[in-house]
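If you want the building blocks of each chain, they are given just below.
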Amino acid sequence: MASMIFTDCSSSTPSRLLPFTRSPLLRRQADVVLVRRLLTPLNFSCSRRRLTLRSSPSQSPHVSASLATETSATAKVIDGKAVAKQIRDEISAEVMRMKDAIGEVPGLAVIIVGNRKDSATYVRNKRKACESVGINSFEVPLPEDSTEEEVIKFIKAFNDDPSVHGILVQLPLPNHMNEENILNAVNIEKDVDGFHPLNIGHLAMRGREPMFVPCTPKGCIELLHRYGVSIKGKRAVVIGRSNIVGTPASQLLQREDATVTVVHSRTPNPEEITRQADIIIAAVGKPNMVRGSWIKPGAVIIDVGINPVEDAKSPRGYRLVGDVCYDEAKNVASAITPVPGGVGPMTIAMLLSNTLIAAKKVYNFQ
Ligand SMILES: Nc1nc(=O)c2c([nH]1)NC[C@@H]1CN(c3ccc(C(=O)N[C@@H](CCC(=O)O)C(=O)O)cc3)C=[N+]21
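Rules of the game
- Residues numbered from 1 in each chain as written.
- Predicted model: local features only at pLDDT ≥ 70, side-chain atom pairs only at ≥ 80, totals over all residues.
- Heavy atoms only, no water.
- Helix = DSSP H or I, 4+ residues; strand = E, 2+ residues; numbered from the N terminus.
- Buried < 20%, exposed > 50% of the residue type's maximum accessible area, 1.4 Å probe, protein only.
- Contact = heavy atoms within 4.5 Å.
- Areas by Shrake-Rupley, 256 points an atom, 1.4 Å probe, with all protein chains shown as cover.
- UniProt positions renumbered as here; feature names shortened; annotations may be inferred.
- Core = buried A, V, L, I, M, F, W, Y, C linked by side-chain atoms within 4.5 Å.
- Domains from an automatic or database assignment.
- Patch = residues over 30% accessible without salt bridge, like charges linked within 9 Å, V, L, I, M, F, W, Y side chains within 5 Å.
- Salt bridge = Lys/Arg side-chain N within 4 Å of Asp/Glu carboxyl O.
- Lys, Arg positive; Asp, Glu negative; His and termini not counted.
- Charge placed at Lys NZ, Arg CZ, Asp CG, Glu CD.

Quick word on the overall build of the protein chain
Scanning the protein chain for helices and strands turns up eleven helices and eleven strands. Going through the 366 residues of the protein chain one by one, you find that 52% of them count as buried. Of the contacts formed within the protein chain by residues at least 6 apart in sequence, a portion of 72% connects residues at least 24 apart. As presented, the protein chain carries roughly 17500 Å² of accessible surface, and 52% of it is formed by carbon and sulfur atoms.

This is the structure in structure tokens:
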């Protein structure tokens, strides 16, 4: 996670937080489209400049509101928290059906090395999520100074344990460990994180199906699907090229027939490229990096960033912000995920989903 920085996305934001420069001309252009957009009636299905939002998830609270009657030009909130809850309910029903039919429930093992506070929070959230759907969870907390061999020993034990269907090694690992060796040790059939090289290879190839898809990008696509955002033939820009999010997200979008561009730290004029996107997935870990002027009116934005920024008014002393400047983006985009409450909860829901898939495969339970 990015270090804590005090920031907002006003124009007075210090330039060190905005690694990409904006020209005054681009800013003016953006203002023009903003005004034009405010004059355009809000209609998700028929505006030429907008992406088609085909249908809405029936149970999601934000979606049934009639947009035609809205007076302010504010993007629809893609409510990851609500969708994640909906998915957990679906998984819970499936776990119960499985238990009734064959007397087995899925099991997830989580290995956490060291005592990073954020990692401990995520692992706790995963445990709670497992409990909420009836998945068994096994947790192995190992000290920071454990050896690679010790971690692999636990992975191998879980590989051989039939009550464990999914194995997750919480990342990042301490520096003295070789992440590749450790992730390679996870049995591919239990690789619910989708980080095994064979799963990654299959994801990258046409005509191949990975056993598991990494949870965060899978959650991004699931949000687009559940909000009826059509992907086929659309221009998508993924900002960031990490193994965990950016790269697999770009591959998933391509598999959905989007035309995909990946923008990264060495891309000249990232805003110019991003501004062509119908769909933006931002996964860089820089608070408020994507400004309103980077966004095409009507674009759909999935903000993967979860960045802590100092906030004396918050009880924790910090608050979480995304990679996208939400306050600016909401006036330009047609739909956007909030932070928190967007992609984060979906990541955990997809982990549960992958664990259920793993168990169903083992028992040949449809
Ligand atoms: N092997 C592995 N697999 C992972 O999937 C993995 C990992 N390592 N290492 C760290 C990242 C990060 N990650 C998150 C999961 C949920 C939230 C989440 O639920 N966030 C809440 C906010 C939580 C809060 O308030 O602190 C939200 O966005 O609404 C965030 C981040 C999984 N990761």
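Moving on from the model shown.
What to know about the UniProt feature "domain: Tetrahydrofolate dehydrogenase/cyclohydrolase NAD(P)-binding" (unreviewed entry) in the protein chain
With numbering aligned to this structure, UniProt lists the feature "domain: Tetrahydrofolate dehydrogenase/cyclohydrolase NAD(P)-binding" (unreviewed entry) at residues 214–361. Helix and strand shares over residues 214–361 are 34% and 19% respectively, and the end C-alpha atoms of the span are 18 Å apart.

Examining the nonpolar core
Counting 54 residues, the largest nonpolar core has I91, I135, L224, L253, I281, I302 and V304 as its most contacted members. Element by element, the count of residues in this core is highest for helix α11 (residues 343–363), at ten residues. Both of domain 1 (19–29 + 39–83 + 216–347) and domain 2 (104–193) provide at least three residues apiece to this core. Ignoring anything within four residues of it in the chain, the contact list for V304 reads T216, C220, V245, I281, A282, A283 and V343.

Some words on a negative patch on the surface
On the surface, a cluster of negative charge is contributed by E144, D145, E149 and E150. Take D145: it is sitting in the loop between β3 (136–142) and α4 (148–159). D145 gets classed as exposed once you look at its relative accessible area, which sits at 64%.

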